[in-house]
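An overview of the molecular structure
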Amino acid sequence: MSDAVNSPAHYNKGRIEAIEVIEDVVAGAPEPVVGYQVGQALKYLLRAWHKGNAGQDLQKAAWYLNRAIARINN
């Protein structure tokens, strides 16, 4: 049985849980907001194929990534 709160099935595809990847990546962020934005983008990328609407998840990832890029460039 899947635990939808602590370990959602769409976050556990593959060998590594999505939260572990995200935590490792955002640990090096230059500031918390950019870390959050990149973490959100990663979340949508990592689960895009597992929720039924990959196009929407990829668009959400791009939205967060574009905000992170704009913040870094300002």
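Above this text you will find the structure in question.
Before going into details, it helps to say that this report is about the structure given with it. (Residues numbered from 1 in each chain as written. Predicted model: local features only at pLDDT ≥ 70, side-chain atom pairs only at ≥ 80, totals over all residues. Heavy atoms only, no water.)

Considerations on the overall build of the protein
Rules: The secondary structure listing takes helices from DSSP runs of H or I that are at least 4 residues long and strands from runs of E that are at least 2 residues long, numbered from the N terminus. A 1.4 Å probe rolled over the protein chains alone gives each residue an accessible area, and that area as a share of the maximum for its type sets the label: buried under 20%, exposed over 50%, partly exposed in between. Whether two residues touch is decided by their heavy atoms; if any such pair falls within 4.5 Å, the residues are in contact.
Secondary structure assignment for the protein yields three helices and zero strands. When the elements of the protein are put in sequence order from the N terminus, they spell out α-α-α. Looking at the 74 residues of the protein, the share that counts as buried comes to 26%. Restricting the contact set of the protein to residue pairs at least 6 apart, pairs at least 24 apart contribute 45%.

Let's talk about the side chain of Q37
By secondary structure assignment, the location of Q37 is in helix α2 (residues 32-47). Residues contacting Q37, with those up to four places away along its chain left out, are Y64, R67, A68 and R71.

Observations concerning α2
Put simply, the rule is: Multiplying one less than the number of residues by 1.5 Å gives the expected span of a helix.
The end-to-end C-alpha distance of α2 is 23 Å, a good match for the 22 Å that 16 residues give at a rise of 1.5 Å each. Among all positions of α2, only V34, G35, Q37, G39, Q40, A41, L42, K43, Y44 and R47 are buried. Against the buried residues of α2 lie α1 (18-26) and α3 (54-73).

Points about the packing of α1 against α2
The condition that has to hold: A fitted line through C-alpha atoms represents every axis, and for helices the fit uses only the stretch in contact; the resulting angles, taken between N-to-C directions, go from 0 to 180 degrees. Here is the rule for angles: anything less than 35 degrees is roughly parallel, anything more than 145 is roughly antiparallel, 65 through 115 is roughly perpendicular, and the remaining ranges are oblique. Note on convention: near helix rotated counterclockwise from far helix by under a right angle means a left-handed crossing. Clockwise means right-handed.
Put simply, α1 and α2 touch, their axes get as near as 9 Å, and they point 150 degrees apart. When the interaxial angle is binned, α1 and α2 end up roughly antiparallel. Here the hand of the crossing between α1 and α2 comes out right-handed. In this structure, α1 contributes A18, V21, I22, V25 and V26 to the contact, and α2 contributes G35, V38, G39, L42, K43 and L46.

Digging into the packing of α2 against α3
The condition that has to hold: Three classes are used: nonpolar for Ala, Val, Leu, Ile, Met, Phe, Trp, Tyr, Cys and Pro, charged for Asp, Glu, Lys and Arg, and polar for all others, with Gly counted as polar.
Closest axis-to-axis distance for the α2/α3 pair is 8 Å, and the angle between their directions is 160 degrees. It follows that α2 is roughly antiparallel to α3 by the angle criterion. When you trace α2 past α3, the crossing you get is left-handed. Seen from α2, the contacting residues are V33, V34, Y36, Q37, V38, Q40, A41, Y44, L45 and R47; seen from α3, they are D57, L58, K60, A61, Y64, L65, R67, A68, R71 and I72. In terms of residue class, the contact of α2 with α3 is made up of 13 nonpolar, two polar and five charged.

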